[in-house]
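Per-entry structural report
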Number of protein chains: 2
Amino acid sequence: MREGGTYAIDPALRADEALGYWTSADKESFVAEDEGGIVGTYYLRPNQAGGGRHVCNCGYVTRAEARGRGVARAMCEHSLAYAASRGYRAMQFNFVVSTNTHAVRLWQALGFEIVGRIPEAFCHPEHAYVDAFVMHRFL
Amino acid sequence: MREGGTYAIDPALRADEALGYWTSADKESFVAEDEGGIVGTYYLRPNQAGGGRHVCNCGYVTRAEARGRGVARAMCEHSLAYAASRGYRAMQFNFVVSTNTHAVRLWQALGFEIVGRIPEAFCHPEHAYVDAFVMHRFL
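This write-up is about the structure you can find in this document. (Residues numbered from 1 in each chain as written. Chains lettered and ligands numbered in written order. Predicted model: local features only at pLDDT ≥ 70, side-chain atom pairs only at ≥ 80, totals over all residues. Heavy atoms only, no water.)

Another point: the pairing of strand β5 (residues 113–124) of chain A. Two strands pair when backbone bridges link them, and β5(A) and strand β6 (residues 128–138) of chain A are joined in this way by eight bridges, in the antiparallel orientation. Bridging from a neighbouring strand, F122(A) pairs with V130(A) of β6(A). (Pairing = 2+ DSSP bridges. Helix = DSSP H or I, 4+ residues; strand = E, 2+ residues; numbered from the N terminus.)

Bringing the pattern of salt bridges into the picture now. For the coordinates displayed, the defined rule picks out 18 salt bridges over all chains. Measuring nitrogen to oxygen at the nearest pair gives 2.9 Å for the salt bridge that ties R14(A) to D16(A). Note that D131(B) is salt-bridged to R117(B), the shortest N-O span being 2.6 Å. In this pair, D131(B) is assigned in strand β6 (residues 128–138) and R117(B) in strand β5 (residues 113–124), connecting sequence segments 14 residues apart. The exposure class assigned to D131(B) is buried, which follows from its relative accessible area of 18%. (Salt bridge = Lys/Arg side-chain N within 4 Å of Asp/Glu carboxyl O. Buried < 20%, exposed > 50% of the residue type's maximum accessible area, 1.4 Å probe, protein only.)

As a further point, take unusual backbone geometry. Residues and elements named next belong to chain A. The backbone of A128 shows a phi angle near 60°, a positive value even though the residue is not glycine. Tracing the sequence through the fold places A128 in strand β6. A relative accessible area of 38% means that A128 is categorised as partly exposed.

For any pair of aromatic rings, the description consists of the separation of the ring centres together with the inter-plane angle of the planes. Under the criterion given, the structure shown has 26 aromatic pairs over all chains. With a centroid separation of 5.9 Å and an interplanar angle of 85°, the aromatic rings of Y60(B) and F93(B) are classed as edge-to-face. One end of the pair, Y60(B), is in strand β3 (residues 55–62); the other, F93(B), is in strand β4 (residues 90–97), and 33 residues separate them in sequence. Note on Y60(B): relative accessible area 9%, which makes it buried. Ring centres of Y60(B) and W107(B) lie 5.1 Å apart, and the angle between their planes is 40°; this geometry places the pair in the tilted category. Placement of Y60(B) in strand β3 and of W107(B) in helix α3 (residues 101–109) is noted, with a sequence separation of 47 residues between them. Taken together, the ring pairs in this structure connect F30(A), Y42(A), Y60(A), Y82(A), F93(A), W107(A) and F112(A) into an aromatic cluster. Positioned above the aromatic ring of Y43(A), the side-chain terminus of K27(A) is 5.0 Å from the ring centre. (Phe/Tyr/Trp six-rings, centres within 6.5 Å; stacked < 30°, edge-to-face > 60°. Lys NZ or Arg CZ within 6 Å of the ring centre and 35° of its normal.)

Moving on, we get to the interface of chain B and chain A. With 27 residues of chain B in contact, the opposing surface of chain A contributes 27 residues. When chain B packs against chain A, close to 2100 Å² is buried across both sides, 60% of that on carbon and sulfur atoms. The tally of links from chain B across to chain A stands at two salt bridges. E120(A) is the salt-bridge partner of R89(B), the closest N and O atoms lying 3.0 Å from each other. Counting every contact that joins chain B to chain A gives ten residue pairs in polar contact (both at pLDDT 80 or more). (Contact = heavy atoms within 4.5 Å. Buried area = accessible area lost by both parts, 1.4 Å probe. Polar contact = N/O pair within 3.5 Å; in protein donor to acceptor, adjacent residues only side chain to side chain.)

Here we take up the environment of R89(B). Looking at where R89(B) falls in the secondary structure, it is placed in the loop between α2 (71–85) and β4. Expressed as a C-alpha distance, the spacing of R89(B) and L139(B), which sit 50 residues apart in the sequence, is 5.4 Å. Setting aside its immediate chain neighbours within four residues, R89(B) contacts E120(A), Y129(A), H54(B), F138(B) and L139(B). Polar contacts involving the side chain of R89(B) include one to the side chain of E120(A), which spans 3.0 Å.

To continue, consider the relation of the copies chain B and chain A. The operation relating chain B to chain A is a screw motion whose rotation component is 180°, with 0.0 Å of axial translation and a residual RMSD of 0.0 Å. Classification of the inter-copy transformation places it as that of a two-fold axis. Using C-alpha coordinates, one finds that chain B approaches the rotation axis most closely at G116(B), a distance of 1.8 Å. A share of 100% of the interface residues of chain B reappears at the interface of chain A, consistent with the copies meeting face to face through the same patch. (Least-squares fit on C-alpha atoms with pLDDT ≥ 70 in both.)

So, in C-alpha cells, the structure goes:
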C-alpha cells in the first residue's frame, strides 16, 4: 500500500490505521499462511447494503517477499468459495487500477469480467492519471 | 429510502441511523430550501482515498412532496459547481439503479455518462434483480 500504485488508500496511513481499515466491523478478514508465516491477507464484505447486499467485495494483499508464488490466486479462490458458502451471488471489485496488469489478468483468469472503466480515476505515482476498472463475476 | 427502490441502503434504517449515514465525517451535507422549508438534501465526499481522492461522489434525496419541481436537478447543479470549486476533477455515482430511469435521464442530461453496468447488482422490491450503473462526468 505504501507504494501507492494499486490501492486507493492514503499511502501515508499508519500501521494501526491500515489494520483498522482492513479489519473494520463490516469486514471478515483472513490471513494466508505458508510454513507458519503470514504471506497475505484478504477481507470480504458486502459491497452495498440493502438491495445490494447479495454482492460481496474483497481486497487482497500479498507480502512483498511472497510475490510470484500464487498467494493472491489462492486467496481469491478461497474467497470465491467462502463467499458462495455465505450465500453471496456475485463478487465485485470496485477499483482495479488499470496499470496493475498482473492483478487484472489474474482476476480475468479467475472468471472476472471488466464491467466498467472509470476514466482517469487513479493518480498513479509514476503514470499520473490512469483508468480504473470495475470487475465482476457471479458465484 | 424506505421504499427501497433507489438506494442500496437498508430500508429499515431508523431516522437517526439514516441521518448518521448522510452526515458522516467523510461527507459534506447540504439542504435545499424552498420558501423556508427543506425540500431535499445531498452529500458530497471523496469517492476514494489516496490516489482516487480527486473524484467525488454525491447522493441526493428529494422530499416526496417536492418531486417533479427540479429539486434534484438544482442540487446536482449546485454540487457540480461546488465540487469544481473544491478542486475535484470528476464526479462519480457508484450505484444508479437501472430501473430508476428518471434519475438516469437526469444525470445524462447533466453530462454524466454510463461507464459501467453491474449485472443484477440490486434486488428491487418490485422487479427482483436489476442492473446498476456506474455514472461519471469530468468537472
